[in-house]
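# Summary of structural features
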Amino acid sequence: MKKIRVQDAIGQILCHDITKVIPGEFKGRAFARNHVIRPEDVEELLKIGKSHIFIWEENAGEIHEDEAAVRIAEAVMGANIVHDEPREGKTILQTTARGLFKVNSPLLKELNFIESVTISCRPHNFTVEEGDKLAGTRIIPLVIEEEKIKHLEERCKSQGPVFEVIPYRKLKVGIVITGSEVYHGRIEDRFGPVIKQKLAYFNAEVLGQIYCPDDISKLDDAIRSFLERDADLIILTGGMSVDPDDLTPGAIKNSGAKVVTYGVPIQPGNMTMLAYLNKTALAGVPGAAIHSKTTALDVILPRIFTGEILTKEVFVDMGEGGFCLGCKDCTYPRCYFGRS
């Protein structure tokens, strides 16, 4: 690039966007790349602190910030992601699907160690809607050595994309509501509406809802009936504490399912249970789901609906970020809860 005084730049072509900032009022592009400098532009450029501008000169081995931002974006993005055109040296990635945003964190860290490269994004396992912004890419200077970008591209090619969005699957779900007090109509079922509302977000196919008394044989029958209907997920509510008459964990074990965890380092929802029987996930949901807007169930459902098989290690990692503050105005998932 060639640096020249603004007063000497009339008729020259800008090689980069120029940003204007008015504190509290405006921050954006004042002059676009490839703009031809006019006499009337000189005073405006001086007002925004630009006494010199840069003119592009071909220099083998260097690439412009706009090209670099695009190449970085195309290297790091995976399935269901697109990028926009560079603006002020930055390129923004967006999702084309609703689902779960996945980040290859070790690779992201490695790429951000490359001098002058910056890639910022939403957290791993963030739930996103179609059109949401996911990440931004740019370099710090106006130009960068092409070898650095080539190295970044090779790392992404060999290690896989840094980012991808996994769409939710259409799952068949059975609901089992446990408790003699609900079964006999002594109290109103408060679990069912909560669970159905959460499932509606994922457009799940609800196979039905079965009420069971505190009778383990009835619970066994309810689980079996949903397994026979090829349920992908069976949610069992109530009876999840350590009281002797709380039978739901025993019924999940009786099904022959392999228990991943009974108890999770997430509050609220510590007594959550998850098990798998072949392709079917069985989730035991404690009473916290009635009393709290957001619980462990909200953390694990998106991952179940993307087809992920959760392990004990996954749950152990959830301890960091697993403590909900119970804010008066809940903003989940746009907060740290469940971000391990």
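This text gives an overview of the structure that appears in the document. (Residues numbered from 1 in each chain as written. Predicted model: local features only at pLDDT ≥ 70, side-chain atom pairs only at ≥ 80, totals over all residues. Heavy atoms only, no water.)

### Examining the nonpolar core
Core analysis: the largest hydrophobic core is formed by 35 residues, its most contacted members being Leu233 and Phe305. If sequence neighbours within four positions are ignored, Leu233 has contacts with Lys172, Val173, Gly174, Thr280, Ala281, Ala283, Leu301, Ile304 and Phe305. Residues Ala68, Ala73, Ile81 and Phe101 belong to the second largest nonpolar core, which totals 28 residues. (Core = buried A, V, L, I, M, F, W, Y, C linked by side-chain atoms within 4.5 Å. Buried < 20%, exposed > 50% of the residue type's maximum accessible area, 1.4 Å probe, protein only. Contact = heavy atoms within 4.5 Å.)

### Quick notes on the sheet that holds strand β7 (residues 91-95)
Pairing is antiparallel in the open sheet, where 4 strands are placed in the order β6-β7-β11-β9. The outermost strands of the open sheet, each flanked by one partner alone, are β6 (81-83) and β9 (117-121). For this sheet, the mean angle separating the axes of adjacent strands, direction not counted, is 20 degrees. Along the sheet, helix α2 (residues 65-76) contacts β6, β7, β9 and β11 (133-139); its crossing angle with β11, the most-contacted strand, is approximately 135 degrees. (Pairing = 2+ DSSP bridges. Helix = DSSP H or I, 4+ residues; strand = E, 2+ residues; numbered from the N terminus. Axes fitted to C-alpha atoms, helices over the stretch in contact; angles between N-to-C directions.)

### Here we look at the side chain of Lys102
In this fold, Lys102 is placed in strand β8 (residues 99-103). A relative accessible area of 14% means that Lys102 is categorised as buried. Separated by 2.6 Å, the side chains of Lys102 and Asn125 make a polar contact. Setting aside residues up to four positions removed in sequence, Lys102 forms contacts with His124, Asn125, Val162, Phe163, Glu164, Ile166, Arg303 and Glu308. (Polar contact = N/O pair within 3.5 Å; in protein donor to acceptor, adjacent residues only side chain to side chain.)

### So, the packing of helix α3 (residues 105-112) against helix α4 (residues 146-159)
At their nearest, the axes of α3 and α4 sit 11 Å apart, and the two run at 170 degrees to each other. When the interaxial angle is binned, α3 and α4 end up roughly antiparallel. Counted together, Leu107, Glu110 and Leu111 of α3 and Leu152, Arg155, Cys156 and Gln159 of α4 form the full contact between these two elements. For the contact of α3 with α4, the class distribution of residues is 4 nonpolar, 1 polar and 2 charged. (Parallel < 35°, antiparallel > 145°, perpendicular 65-115°, else oblique. Nonpolar A, V, L, I, M, F, W, Y, C, P; charged D, E, K, R; others polar.)

### Quick look at helix α7 (residues 216-227)
When the terminal C-alpha atoms of α7 are compared, their 16 Å separation across 12 residues agrees well with the 16 Å that a helix rising 1.5 Å per residue should span. In this structure, the buried residues of α7 make contact with β14 (172-178), β15 (205-212), β16 (233-237), α8 (248-254) and β19 (280-285). (Expected span 1.5 Å × (residues − 1).)

### Digging into the packing of aromatic side chains
Taken as a whole and judged by the stated rule, the model has 6 aromatic pairs. Relative to Phe202, the ring of Tyr201 has its centre 5.0 Å away and its plane inclined at 85 degrees; by these criteria the two rings are edge-to-face. Looking at Tyr201, the relative accessible area reads 33%, which means it is partly exposed. Here the aromatic rings of Phe202 and Phe305 are separated by 4.4 Å at their centres, their planes lie at 10 degrees, and the arrangement is stacked. Remark: Phe305 occurs in helix α10 (residues 296-305) and Phe202 occurs in the loop between α6 (191-201) and β15; sequence separation between them is 103 residues. Classification of Phe305 by relative accessible area gives buried; the value is 0%. Put simply, the rings of Tyr168, Tyr201, Phe202 and Phe305 touch in pairs and so form one group of aromatic residues. Here Arg98 stacks its cationic end above the ring of Tyr201, 4.4 Å away from the centre of that ring. (Phe/Tyr/Trp six-rings, centres within 6.5 Å; stacked < 30°, edge-to-face > 60°. Lys NZ or Arg CZ within 6 Å of the ring centre and 35° of its normal.)

### As for the pattern of salt bridges
Inspection of the entire model under this criterion finds 17 salt bridges. Residue Glu146 is joined to Arg71 by a salt bridge in which the shortest nitrogen-to-oxygen separation is 2.8 Å. With Glu146 in helix α4 and Arg71 in helix α2, the pair connects residues that are 75 residues apart, well separated along the chain. For Arg71, the salt bridge is made with Glu153, and the minimal N-O distance between the two is 2.9 Å. Of the two residues, Arg71 is situated in helix α2 and Glu153 in helix α4; the sequence distance between them amounts to 82 residues. Under the relative-accessibility criterion, Arg71 is labelled buried at 16%. (Salt bridge = Lys/Arg side-chain N within 4 Å of Asp/Glu carboxyl O.)

### Observations concerning the packing of α2 against α4
Orientation of α2 relative to α4, taken along the N-to-C sense of each, is 10 degrees, at an axis distance of 9 Å. The angle between α2 and α4 places the two elements in the roughly parallel class. Residues Ala68, Arg71, Ile72, Ala75 and Val76 of α2 form the contact with α4, whose participating residues are Glu146, Ile149, Lys150, Leu152, Glu153 and Cys156. The residue makeup of the contact of α2 with α4, split by class, is 7 nonpolar, no polar and 4 charged.

### Thoughts on the sheet that holds strand β10 (residues 126-128)
In spatial order, the strands read β10-β8-β13; together these 3 strands make up an open sheet with antiparallel pairing. A single partner strand is all that each edge strand has here, and the edge strands are β10 and β13 (163-167). Looking at each pair of strands side by side, their axes are set apart by 35 degrees on average, direction ignored. Examined bridge by bridge, β8 and β10 share 3 bridges and lie antiparallel to one another. Following the sheet pairing, Gly99 is matched in β10 by Val128.

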